[in-house]
Amino acid sequence: MHILHILRVLTACLFFLGQAFPCLPAAAAEIDDAPTISASAAIVIEASTGRVIYEKNADERHYPASMTKMMTCLLALATLGRHQDVVISPRAAQTEDATLEETAGDVFSADELIRGMMLVSDNGAAVALAEASAGSVDHFVTQMNDEAARLGMTDTHFANPNGLTHPDHYSTARDMAKLARHAMTERAFRDIVDTAKAPVRWTLPAGKVRMVENTNELLGHYDGMNGIKTGWTSAAGGCLAASAQRGGLELIAIVMQAESPEARFTDARKLLDYGFAQTKLRRGISRDRLKKSVWVRGGKQATVAVHPVEDVNYPLIGGEEASHYTITYDLPKIIAAPTKEGQIVGRLLLNYDGQPVGSVDLAAEKVDAGMSVGSLFVRVFGWLLPTL
């Protein structure tokens, strides 16, 4: 009887506490509950490591619509000079949904045309940039697929530079997140997609200007929003790559096949709200403290230092602890010279409780091609050398 009496008292106390402090369990439930969204597929990642915070059918293939233009923008920025002339071809001018209303023979600087493509999603601009960059759309599409493979986008295939519906043009939320994460490491790209409103100026006809507004309706209306790219076709539904930064934490959300153009923004809000509620960023290790070395074949030196491209921080999701993180390296034992300063040669892998959860690229310092006693030794006896 004595034990039963104690249990009754404890039960009463627990009931009283629940009545007195109802917000405590309710708040926890709100944070833990996954967001309800209309999109068929979605993902939220922490940008610096790529760690997944939430996913829904993230490996399901869908049409990416104009999120495709993230890749087109990256390649155009890498291959075209900012002030290089880009002529609108008849093919570009006749492309469906050329929202700038450019005509064949119009001339833009690459910088202006890229801005028009990304802010108002001009499909003709994407064609013109592809032609200027690679000589033809077909060659450019090959480069797009090569870059997708390099980024580990294993369930993606591009058939055009603008995202118009094509049976061989598809991707996944996970792959689009990989692309968006990489793109947002490029300063020029970030500056473009963070622009809410800007003029687009023609070179020819001289003096022609059009003020355009970014189709990303969350810019200026969601705390920390800084990109990235909208997409919509009747086949793809509502698509959105959305990025937001608060303090040191930056999240990227991908929405694919939302039920309407408006729903993609609502879904992205919910996803980012969830991500920010769930995730804290703990400062980890400075990039300068994580230098490693690899052997060099055919260079003027036998080894080269590699280091992460940025400081390594630890995303903590739902009450996780930083002490559970460990670091491993996906890095070849030997690389071939020459290497450019900043050339990506491997990855630093973040593991939580022994499971891989994210990565940071590893970049090499510069090594000139040439001959040295050490590199000759690497060439001959490389298979015997230990990992550094």
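Source: prediction; values computed, not measured. (Residues numbered from 1 in each chain as written. Predicted model: local features only at pLDDT ≥ 70, side-chain atom pairs only at ≥ 80, totals over all residues. Heavy atoms only, no water.)

Side note on the layout of surface pockets
Of the volumes computed, that of the largest pocket is approximately 1300 Å³. Taken together, the elements giving at least two residues each to the lining of the largest pocket come down to strand E1 (41-46), helix H8 (173-183), helix H9 (187-193), strand E10 (279-285), strand E16 (343-352) and strand E17 (355-364). Examining the composition of the lining of the largest pocket, we find that six residues originate from one element, E17, more than from any other. Looking at the lining of the largest pocket, its residues break down into 14 nonpolar, 11 polar and 16 charged. (1 Å grid on protein atoms, 1.4 Å probe; cavity = no way out; pocket = protein on both sides within 12 Å on 5 of 7 lines; lining within 4 Å. Points joined across faces, edges and corners; volume = space filled by probe spheres on them. Helix = DSSP H or I, 4+ residues; strand = E, 2+ residues; numbered from the N terminus. Nonpolar A, V, L, I, M, F, W, Y, C, P; charged D, E, K, R; others polar.)

Brief notes about the side chain of Thr233
Along the chain, the position of Thr233 falls in strand E7 (residues 225-233). In this structure the side chain of Thr233 is engaged in a polar contact, spanning 2.8 Å, whose partner is the backbone nitrogen of Ala236. Not counting chain neighbours up to four residues away, the residues in contact with Thr233 comprise Ala65, Gly163 and Thr165. (Polar contact = N/O pair within 3.5 Å; in protein donor to acceptor, adjacent residues only side chain to side chain. Contact = heavy atoms within 4.5 Å.)

So, the confidence of the model for the chain
When the pLDDT values of the chain are averaged, the result is 91; 92% of them are 70 or greater. Residue range residues 1-31 is modelled with pLDDT below 50. Its contacts to residues more than four positions away, or to other chains, number three contacts. (pLDDT = per-residue confidence, 0-100.)

Description of the side chain of Glu250
The residue Glu250 is located in strand E9 (residues 249-258) in this model. At 2.9 Å, the side chain of Glu250 and the side chain of Arg190 are in polar contact. When residues no more than four places from it in sequence are discounted, the contact partners of Glu250 are Ile45, Glu46, Ala47, Met184, Arg190, Asn226, Ser243, Ala244 and Gln245.

Some remarks on the sheet that holds strand E8 (residues 237-246)
Ordered in space as E2-E1-E9-E8-E7, the five strands form an open sheet in which the pairing is antiparallel. This sheet does not close on itself; its edge strands, each paired only once, are strand E2 (52-56) and E7. Neighbour-to-neighbour, the strand axes of this sheet turn through a mean angle of 5 degrees, independent of strand direction. Of the pairings in the sheet, the one linking E7 to E8 comprises eight bridges and is antiparallel in character. The partner of Met225 across the bridge, within E8, is Ala244. Helix H10 (residues 261-278) contacts E1, E2, E7, E8 and E9 of the sheet and is inclined by roughly 145 degrees relative to E9. (Pairing = 2+ DSSP bridges. Axes fitted to C-alpha atoms, helices over the stretch in contact; angles between N-to-C directions.)

Observations concerning the pairing of E8
Along any regular strand the residues' side chains alternate between the sheet's two faces. The buried fraction of E8 amounts to eight of the 10 residues, a majority that puts the element mostly inside the structure. Counted along the chain from E7 to the antiparallel partner E8, the turn is three residues long. Sheet topology places E8 next to E9; eight bridges connect them, and they run antiparallel. Looking at E9, one finds that Gln245 is bridged to Glu250. Taking the residues that link successive antiparallel strands as the turn, the E8-E9 hairpin has two residues, and the phi of Gly247 there is positive, at about 65 degrees. (Buried < 20%, exposed > 50% of the residue type's maximum accessible area, 1.4 Å probe, protein only.)

Looking at the sheet that holds strand E11 (residues 292-297)
Spatial strand order, E14-E16-E17-E12-E11-E15: six strands in an open sheet with mixed pairing. Each edge of the open sheet is held by one strand with a lone partner, namely strand E14 (325-330) and strand E15 (334-336). Neighbour to neighbour, the strand axes of the sheet diverge by 40 degrees on average, direction disregarded. In terms of strand pairing, strand E12 (residues 303-308) meets E17 through three bridges, oriented antiparallel. Counted as the bridge partner of Val306 is Ala364 from E17.

A look at the packing of helix H3 (residues 69-79) against helix H6 (residues 123-134)
Interhelical geometry of H3 versus H6 gives an angle of 40 degrees and a closest axis separation of 10 Å. Every pair of crossing elements has a handedness; the one defined by H3 and H6 is left-handed. Only Asn123, Ala126, Leu129 and Ser133 of H6 make contact with H3, whose side of the interface consists of Lys69, Thr72, Leu75, Ala76 and Thr79. Among the residues making up the contact of H3 with H6, the classes are represented as four nonpolar, four polar and one charged. (Left-handed = near helix turned anticlockwise from the far one by under 90°.)

Some points on the pairing of E2
In terms of strand pairing, E1 meets E2 through four bridges, oriented antiparallel. Bridge pairing links Ile43 to Glu55 in E2. Here E1 folds back onto E2, and the loop between the two strands holds five residues, one of which, Gly50, carries a positive phi near 80 degrees.

What about the packing of aromatic side chains?
Counted according to the given criterion, the structure contains five aromatic pairs. An angle of 40 degrees between the planes, with centres 4.9 Å apart, marks the rings of Phe377 and Phe381 as tilted. Within this pair, Phe377 and its partner Phe381 are both found in helix H11 (residues 373-381), separated by four residues, close to a single helical turn. Classification of Phe377 as partly exposed rests on a relative accessible area of 43%. (Phe/Tyr/Trp six-rings, centres within 6.5 Å; stacked < 30°, edge-to-face > 60°.)

Some points on unusual backbone geometry
Glycine aside, negative phi is the norm for most residues, and most peptide bonds take the trans geometry. The omega torsion across Leu204 and Pro205 is 0 degrees, close enough to zero to call that bond cis. Gly227 connects to Ile228 through a cis peptide bond whose omega is 20 degrees. Along the chain, the position of Ile228 falls in strand E7. A positive phi angle is found at Asn57, which is not glycine, with a value near 50 degrees. When its relative accessible area of 41% is taken as the criterion, Asn57 is described as partly exposed. If you check the backbone angles, Asp353 has positive phi at about 50 degrees while not being a glycine. Structurally, Asp353 is set in the loop between E16 and E17.

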